[in-house]
Amino acid sequence: MTDFLKLNLKQLSDGLAAGQFSSTEITKAFLQQIRGRDISVHAFLDVFEGTALDDAHASDERRAAGKSLGALDGIPLAIKDNILIQDQRATAGSKILANYRAAYDATVISSLKKQGSVFLGKTNMDEFAMGSSTERSAYGPTKNPYDLARVPGGSSGGSAAAVAAEMAPAALGSDTGGSIRQPASFCGIVGFKPSYGAVSRSGLMAMASSLDQIGPMTKTVEDAAMLFDAIRGTDVLDQTTQEIPFSFEAKQSMAGIRIGVPKQAWGEGMTPGVRAQSEAALAVAERMGAKLVDIDLPYAAEALAVYYVLMPCEVSANLSRFDGMRYGVRDAGLPLIETYMQSREHGLGEEVRRRIMLGTYALSKGYYDAYYRQARRVQTLIRRAYRDAFKNVDLIATPTAPSIAFRLGEKLSDPLAMYLEDVYTVGVNVAGLPAISIPCGLDDGLPVGFQLIGAMGGDGAVLSNAHVLEQALA
Ligand code: GLN
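Note that residues are indexed from 1 along each chain, following the sequence as it is written. Note on the predicted model: pLDDT of at least 70 is required for a residue's local features to be given, and 80 or more for side-chain atom pairs to be given and counted; whole-chain, interface and lining totals, by contrast, use all residues. To obtain the side-chain values, all non-hydrogen atoms of the structure were used and water was disregarded.

S.K.: Would you take a moment to explain unusual backbone geometry for this structure?
M.R.: Note on backbone geometry: most residues besides glycine have negative phi, and most peptide bonds are trans. For the bond from G154 to S155, the omega torsion is 10 degrees, close enough to zero to count as cis. Secondary structure elements are taken from DSSP: a helix is a run of H or I of four residues or more, a strand is a run of E of two residues or more, and numbering for both begins at the N terminus. You can see S155 is positioned in the loop between β3 (118-123) and α5 (157-164). Of the consecutive residues L334 and P335, the connecting peptide bond is found in the cis state with omega at -5 degrees. For P335, the location among the structural elements is in the loop between α9 (303-318) and α10 (336-347). In this model, A129 sits at a positive phi of 70 degrees, which is unusual for a non-glycine residue. For A129, the position within the fold is in the loop between β3 and α5. For A129, a relative accessible area of 4% translates into the label buried. Notably, D444 is not glycine yet its phi reads approximately 60 degrees, a positive angle. Checked against the element boundaries, D444 lands in the loop between β10 (435-443) and β11 (446-454). Think of it in three bands: with a 1.4 Å probe and only protein chains considered, a residue is buried below 20% of the maximum accessible area for its type, exposed above 50%, and partly exposed in between.

Put into structure tokens, the structure is as follows:
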């Protein structure tokens, strides 16, 4: 009997199309795996036992009637808990939304519903996507399936662990500063952050709206391309969306591709194991025909500082809606201001409150020019630096994260150490670019991720070339 858990999206899709198995059979297999494995991994906040099987059954009936909705019809997926599915709970890992049910579908969800996808459940995350370890969830941490004493990365750690532990063939995550790519790297899977505006953010709970993007977390690059293609496109509900020409090519070589190797990213700061595996991946890219070009990426080192000013500013505005009145948990008091203050103090976790305060401070009169405006200026320089770099290269390569998965608790009391996790990933969000993390071997038995960054709108090039590298690294 086929072991459905081992199959990737493409194989599941092909098998369904060929009538080798049914959506009900595969959905049952994943639900059973969740029942067995998630007691120790804790990747899911909610599992849709009933509705998943109903949706799978409906998909099988459509297919039997010759009315399949396409490649994703009947494919089970896991969804990060900050993405709304109508009538289902959406907590974004926060206590303040413990009792909140989504009133509508995120655009990515309505797209997937139109294509017949089956939803297995909602995955755990750092509260409102703020974190790099999933330890900041109000519902307890997710564990890394490779080593349960270690973190899966974050903030989309639940989605990454679900795929790595074969509890879902693929998942959606969100990435504001690395939250798809870093957990993908820690869990040995593929994570793709699309160009800003390629995928609608309608129904994604906003963290930092100018940086947030939804993207696929999968077992293979081809699967990431397939899922990205299913969710991308313009949307009247998100005015920042734009049509990005996209085609994925399952090519065999990287001949003619110039890969920029920025000296700012390859200096100190990564562990010897990450360096060894990442340099080996560069050598493989060269063997596959790519030309490596040493490049200068000015202001790359400032990206982290810029991110940790811009992001909290947007966070402080976006999270003001959680006031105990409109959504979620209310901790009532008198006068009314007490209700706001108590609900926020008790409902929001330490890291979220830290960022709201930092952002409020940086936006306040007298400090706005020194912090927010200054960070925006440097953002322009970072964007320009990438634009200039892409005049001479097609892709830019860096490690995804400076280390392999760290131990639970190791960085929890040191916010700066946690923020440094994002050193290779945040620049991509600050510049709005597409980037992927693919597995590039193990260090100490734990996965290392390799990042390929593309020019704005170069999502197809990132995926097509990552596919070549993935095949060669396998
Ligand atoms: N780890 C980063 C942070 O804590 C990125 C989060 C994200 O991409 N959502 O802000």
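S.K.: Looking at this model, I keep getting lost on the packing of helix α1 (residues 9-17) against helix α7 (residues 221-231). Mind explaining?
M.R.: Each packed pair of helices is defined by two parameters, the angle between the axes and the distance between the axes. Axis definition: a line fitted to C-alpha atoms, limited for helices to the stretch in contact. Angles are taken between N-to-C directions and run from 0 to 180 degrees. Where α1 contacts α7, the axes come no closer than 8 Å and their chain directions differ by 70 degrees. Taken together, α1 and α7 sit at an angle that is classed as roughly perpendicular. Touching L9, K10 and S13 of α1 are E222, D223, M226 and L227, all from α7. Of the residues that constitute the contact of α1 with α7, the class distribution is three nonpolar, one polar and three charged. Working definition: roughly parallel below 35 degrees, roughly antiparallel above 145 degrees, roughly perpendicular at 65 to 115 degrees, and oblique for all remaining angles. We call two residues contacting when some pair of their heavy atoms lies within 4.5 Å. Just so you know the grouping, Ala, Val, Leu, Ile, Met, Phe, Trp, Tyr, Cys and Pro go in nonpolar, Asp, Glu, Lys and Arg go in charged, and all remaining residues, Gly too, go in polar.

S.K.: Just checking my understanding: could you explain the site of the ligand for this structure?
M.R.: Throughout, the term near means that a residue has one or more heavy atoms lying within 4 Å of the molecule or strand in question. In the vicinity of the ligand there are 16 residues, among which S132, T176, G177, S179 and Y307 approach most closely. For this analysis, a polar contact is any N or O atom pair within 3.5 Å, provided that within protein one partner can donate a hydrogen and the other can accept it, and provided that sequence-adjacent residues contribute only side-chain to side-chain pairs. Here an oxygen atom of the ligand and a side-chain polar atom of Y307 are 2.7 Å apart. Between R355 and the ligand, the recorded distance is 2.8 Å, taken from a side-chain N or O atom to an oxygen atom. More than half of the atoms belonging to the ligand lie within 2 Å of the grid points that define the largest cavity. With three residues, the single largest contributor to the shell around the ligand is α9. Residues of the shell around the ligand, tallied by class, amount to six nonpolar, seven polar and three charged. Only protein atoms enter the calculation, which uses a 1 Å grid: trapped sets of points that fit a 1.4 Å probe without letting it out are cavities, open sets showing protein on both sides within 12 Å along at least five of seven lines are pockets, and any residue with an atom within 4 Å of a point is a lining residue. For a molecule to be placed in a cavity or pocket, more than half of its atoms must lie within 2 Å of the grid points of that cavity or pocket.

S.K.: Would you explain a positive patch on the surface in this entry?
M.R.: Patch membership requires over 30% relative accessible area and the absence of a salt bridge. Like charges are linked within 9 Å, and nonpolar side chains (Val, Leu, Ile, Met, Phe, Trp, Tyr) within 5 Å. Here the Shrake-Rupley method, with its probe set to 1.4 Å, supplies the accessible areas, and only the displayed protein chains count as covering residues. Only one rule defines a salt bridge in this text: a Lys or Arg side-chain nitrogen within 4 Å of an Asp or Glu carboxyl oxygen. His is not counted, nor are the chain ends, whereas Lys and Arg count as positive and Asp and Glu as negative. Charge positions come from single atoms, namely NZ of Lys, CZ of Arg, CG of Asp or CD of Glu. Residues R376, R383, R384 and R387 make up a contiguous surface patch of positive charge. You can see R383 is positioned in helix α12 (residues 369-389).

S.K.: Looking at this structure, how should I read the pairing of β3?
M.R.: Every other side chain in a regular strand lies on the same face of the sheet, so the side chains alternate between the two faces. The buried fraction of β3 amounts to six of the six residues, a majority that puts the element mostly inside the structure. In this structure, strand β1 (residues 44-47) lies alongside β3, joined through three bridges in antiparallel fashion. Within β3, the position partnered with F44 by the bridge is T123. For two strands to count as paired, DSSP must find a minimum of two bridges between them. As defined by bridge partners, strand β2 (residues 76-80) adjoins β3 across five bridges and the pair is classed as parallel. Counterpart to P76 in the pairing with β3 is V118. As for the winding sense of the linkage, the β-α-β connection from β2 through helix α4 (residues 107-114) to β3 is right-handed. Seen with the strands pointing away from the viewer, any crossover whose path from the first strand over the helix to the second strand runs clockwise is right-handed.

S.K.: Teacher, can you tell me more about the pattern of salt bridges here?
M.R.: Overall, the coordinates contain 22 salt bridges when judged by the stated rule. Among the ionic pairs, D46 bridges to R89, the shortest N-O distance being 3.0 Å. Linking D46 in strand β1 with R89 in the loop between β2 and α4, this pair joins segments that are 43 residues apart in sequence. With relative accessibility at 22%, the residue R89 sits in the partly exposed group. Between E350 and R136 there is a salt bridge, with its nearest N and O atoms 3.1 Å apart. Residue E350 is found in helix α11 (residues 350-363), and its partner R136 is found in the loop between β3 and α5; the two are separated by 214 residues along the sequence. A residue is classified by how much of its surface remains accessible, and E350, at 49% relative accessible area, is partly exposed. The buried category is assigned to R136, whose relative accessible area is 17%. Taken together, the shared-partner salt bridges connect D229, R232 and E243 into one network.

S.K.: Any chance you could explain empty space enclosed by the protein here in plain terms?
M.R.: Gaps left between atoms show up when a probe the size of a water molecule is rolled over them. Grid points are joined across faces, edges and corners, and a volume is the space filled by probe spheres set on the points. Inspection of the entire model under this criterion finds three cavities of 30 Å³ or more. One number sums up the size of the largest cavity: a volume of about 80 Å³. Around the largest cavity, the lining is made up of 13 residues, and of these A129, G131, S179, Y307 and D422 lie nearest the centre. Each residue belonging to the lining of the largest cavity can be placed in one class, and the counts come to four nonpolar, seven polar and two charged. Contributions of two or more residues to the lining of the second largest cavity are made by α11 and α13 (415-420). Ranked by residues supplied to the lining of the second largest cavity, first place goes to α13 with three residues. For the lining of the second largest cavity, a count of residues per class yields five nonpolar, one polar and four charged.

By themselves these figures say nothing about function.
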